[in-house]
Each structure stands twice: as C-alpha cells, then as structure tokens.
Amino acid sequence: MPENWNQKIIDEFRANRGKVGAPFEDARLLLLTTTGARTGARHTTPVAYLPDRERLVIIASAAGSPKHPDWYHNLLAHPRVTVENGIFTYEADAVVLEGKEREEIFARAAEADPGWAAYQAKTSRIIPVVALRPLGPPPPSGAPGDFLKAVHDAFRRELALIRKEVAASGRSLGAQLRVNCLTVCQGLHHHHLMEDTYMLPTLGERHPELASPLARLREEHETIRRLLDELQNLLSGEGSAPGTAPDTAPGTAPGTATPTAPDTASVLADVERLTAELEAHLDYEEEHLIPVLNGVVP
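Summarised in this report is the structure supplied together with it. Worth saying up front: this structure is predicted, and the values here are computed from it rather than measured.

Before going further, it helps to examine the nonpolar core. Leu30, Leu32, Ile58 and Leu132 are the most contacted members of the largest nonpolar core, which has 42 residues in total. If we ignore the near neighbours within four places in the chain, the residues touching Leu132 are Leu30, Leu32, Arg55, Leu56, Ile58, Val81, Val83, Ala92, Asp93 and Ala94. Grouped together as the second largest cluster of nonpolar side chains are twelve residues, Val57, Leu97, Trp116 and Ile127 included.

Below, the structure written as structure tokens:
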C-alpha cells in the first residue's frame with residue numbers, strides 16, 4: 001500500500017481504538033512497528049492478523065507482489081517488534097514459521113479467506129508466515145478501572161467479530177474460525193482466573209461493602225466458565241455422534257485426530273448465549289468496580 005494510504009489507516013486506527021472503515025471495517029488489523037534493517041529507524045505498518053492461542057500470526061503477502069514487504073525484511077534483521085491492537089500496545093518477538101507449521105497455518109488462513117491463496121498464486125515466492133509472541137501481558141496504563149474497561153472492550157470486540165464470522169461461515173466452521181473461538185475462550189478463562197485469584201480477594205479485603213457484588217461476580221464467573229467449556233467441547237468435537245470419522249484440521253499437531261467440524265447453527269447458539277451472559281457480567285462488574293478501582297491510590 002502507498003505510504004500516504006498506510007498513514008491514513010494508522011491515524012484512523014489510533015484515533016478510534018483499532019476501528020477503521022472500509023475496506024478493512026471487519027478485518028482483524030494491528031499496527032506493527034519494526035526497526036529498519038538498514039537505517040535503524042522505526043516504521044509502523046497496518047497488517048492483517050490471525051489469532052492463534054497465545055500468539056498472533058501475520059502473513060507477508062504484499063498482495064502477491066514478487067518481493068517481500070519491507071516490514072518482513074526489517075523483522076528478519078530485528079525480531080523485536082511493537083504491536084498495537086487498538087486497545088493495548090506491547091512488545092513481541094517475531095518468529096518466521098517454517099515447514100509443516102507454516103504450511104498448516106497458511107492453509108488455515110486460505111480456507112478462512114481465499115484471498116491469501118490468490119496472493120500466493122500471483123507470485124513465485126513462498127509467502128512467509130510470521131508468529132508474534134508477546135513478551136508478557138500488556139502493561140497496565142492509566143487508572144486501574146480504566147485498564148479493566150480496556151480489557152473488557154477487547155473481549156467485546158473479539159466476540160462481535162466471531163459472531164459475524166460464525167454467522168457467515170456456511171454449514172460448518174473452518175479450522176481458523178475454530179481457532180478464533182478457542183483463542184477467545186482461553187483468554188476469558190485466564191482473565192477470570194486472574195480476577196478470582198488476585199483482584200476480587202484484594203477488593204474484598206479492602207472494601208467490605210463490596211461483599212455482595214463480589215459474590216455475584218464469582219457466581220457469574222462460574223456460569224461463564226460452564227458456557228466456555230460447553231463451547232470448547234463443541235468446537236473440539238466432544239459429544240459427536242458415535243462412529244463419526246475424524247479428520248485432521250489444518251494447524252492440528254501431527255497425529256492428533258480432530259472430529260468433523262461442528263455445524264454453524266450449534267456454534268452460533270453457544271456463542272450467542274456466551275455473549276449475552278458475558279455482556280451482562282461485564283456491565284455489572286464495570287458499574288460496581290470501576291469507581292472503586294479508580295479511587296485506589298497505588
């Protein structure tokens with residue numbers, strides 16, 4: 001993309017916390033900042049990404065150009081990069097995937113969006129696939145309550161994307177969409193575990209008046225955990241009819257049998273139930289905890 005077009009997207013992305021208009025309105029987009037291979041200067045580029053559990057995956061397609069994009073050459077020279085997702089900014093290490101892992105993830109991407117395969121067909125180079133491994137959780141910024149709201153907004157945005165993707169996916173889910181769903185499930189599990197282990201007990205000790213809201217939040221965590229487990233079981237094929245022939249989804253570890261993908265209607269129903277429960281939970285948590293968190297003196 002021309003530099004001025006890139007800058008327009010960057011400005012819009014940062015001004016609207018990761019939201020941009022057409023043609024990337026419903027795309028998963030991040031801002032990747034690399035260090036110039038020759039100059040050492042910092043360069044920021046909008047890049048499409050794929051969720052992949054604890055990491056993100058980006059593809060150096062350059063729209064099927066015969067040459068790799070500049071950002072790819074930069075991260076080969078300097079693998080430490082900065083990632084902006086519209087809500088958080090954090091450091092990550094870029095790892096170029098090779099062999100079977102690269103082939104499986106590219107196949108997953110092309111199944112989800114045939115545009116990737118079209119780009120590969122346009123060029124003789126093998127389009128690189130790069131994993132971005134965060135160096136740690138995004139650093140807290142601003143008041144604690146505002147940070148909590150930012151975490152919640154990230155989950156809201158991802159679930160909204162998944163609902164659209166599932167609804168538009170046809171009769172069954174592809175491998176990448178299953179990974180998208182499993183990634184957000186894993187993230188929610190971890191988020192609530194951290195709240196139950198650290199934040200809620202600390203608030204309970206310091207603010208006895210929050211006993212009732214905190215008890216309700218813990219109960220809601222259990223309800224959401226059950227819904228997450230049900231969705232994960234459905235996505236992994238547990239409960240499939242006896243005799244269902246397993247297949248191996250792209251991106252599955254070699255030798256791992258994965259049952260046939262669940263039907264869209266079942267997954268969409270589970271995602272809708274989860275979203276409704278989670279939205280109510282997040283709204284209640286923000287109503288009762290943000291004022292207290294923002295009043296806490298570090």
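Evaluation of the coordinates by the stated rule reveals 21 salt bridges. The partner of Arg14 in a salt bridge is Glu84, and the shortest N-O contact between them spans 2.7 Å. Separated by 70 residues along the polypeptide, Arg14 in helix α1 (residues 3–15) and Glu84 in strand β4 (residues 80–84) bring together distant segments of the chain. Relative accessible area serves as the criterion here: at 44%, Arg14 is assigned to the partly exposed category. Glu84 sits in the buried class, given a relative accessible area of 12%. Taking the shortest distance from any N to any O, the salt bridge between Glu104 and Lys100 comes out at 3.4 Å. Taken as a pair, Glu104 and Lys100 lie in helix α3 (residues 99–112) at a separation of four residues, close to a single helical turn. Judged by its relative accessible area of 17%, Glu104 falls in the buried class. Counted as one network, the salt bridges with shared partners bring together Arg17, Lys149, Asp153, Arg156, Glu279, Asp283 and Glu286.

When two helices pack together, their arrangement is given by the angle between the helix axes and by the axis-to-axis distance. Running from N to C, helix α5 (residues 144–167) and helix α8 (residues 264–295) cross one another at 165 degrees; their axes reach a closest spacing of 10 Å. Relative to α8, the element α5 lies roughly antiparallel. The way α5 lies across α8 gives a crossing that is left-handed. Its residues placed into classes, the contact of α5 with α8 shows 14 nonpolar, five polar and nine charged.

Below, the discussion takes up the pairing of β4. In the case of a regular strand, side chains alternate between the two sheet surfaces. Among the five residues of β4, four are classified as buried, and the element is accordingly described as predominantly covered. Examined bridge by bridge, strand β1 (residues 29–35) and β4 share three bridges and lie antiparallel to one another. By the bridge assignment for β4, Leu31 is matched with Glu84. Taking the residues that link successive antiparallel strands as the turn, the β4-strand β5 (residues 89–96) hairpin has four residues, and the phi of Gly86 there is positive, at about 100 degrees.

This brings us to the side chain of His192. Within the fold, His192 resides in helix α6 (residues 175–206). Classification of His192 as buried rests on a relative accessible area of 6%. When residues no more than four places from it in sequence are discounted, the contact partners of His192 are His221, Ile224, Leu278 and His281.

Rules of the game
Residues numbered from 1 in each chain as written. Predicted model: local features only at pLDDT ≥ 70, side-chain atom pairs only at ≥ 80, totals over all residues. Heavy atoms only, no water. Core = buried A, V, L, I, M, F, W, Y, C linked by side-chain atoms within 4.5 Å. Buried < 20%, exposed > 50% of the residue type's maximum accessible area, 1.4 Å probe, protein only. Contact = heavy atoms within 4.5 Å. Salt bridge = Lys/Arg side-chain N within 4 Å of Asp/Glu carboxyl O. Helix = DSSP H or I, 4+ residues; strand = E, 2+ residues; numbered from the N terminus. Axes fitted to C-alpha atoms, helices over the stretch in contact; angles between N-to-C directions. Parallel < 35°, antiparallel > 145°, perpendicular 65-115°, else oblique. Left-handed = near helix turned anticlockwise from the far one by under 90°. Nonpolar A, V, L, I, M, F, W, Y, C, P; charged D, E, K, R; others polar. Pairing = 2+ DSSP bridges.

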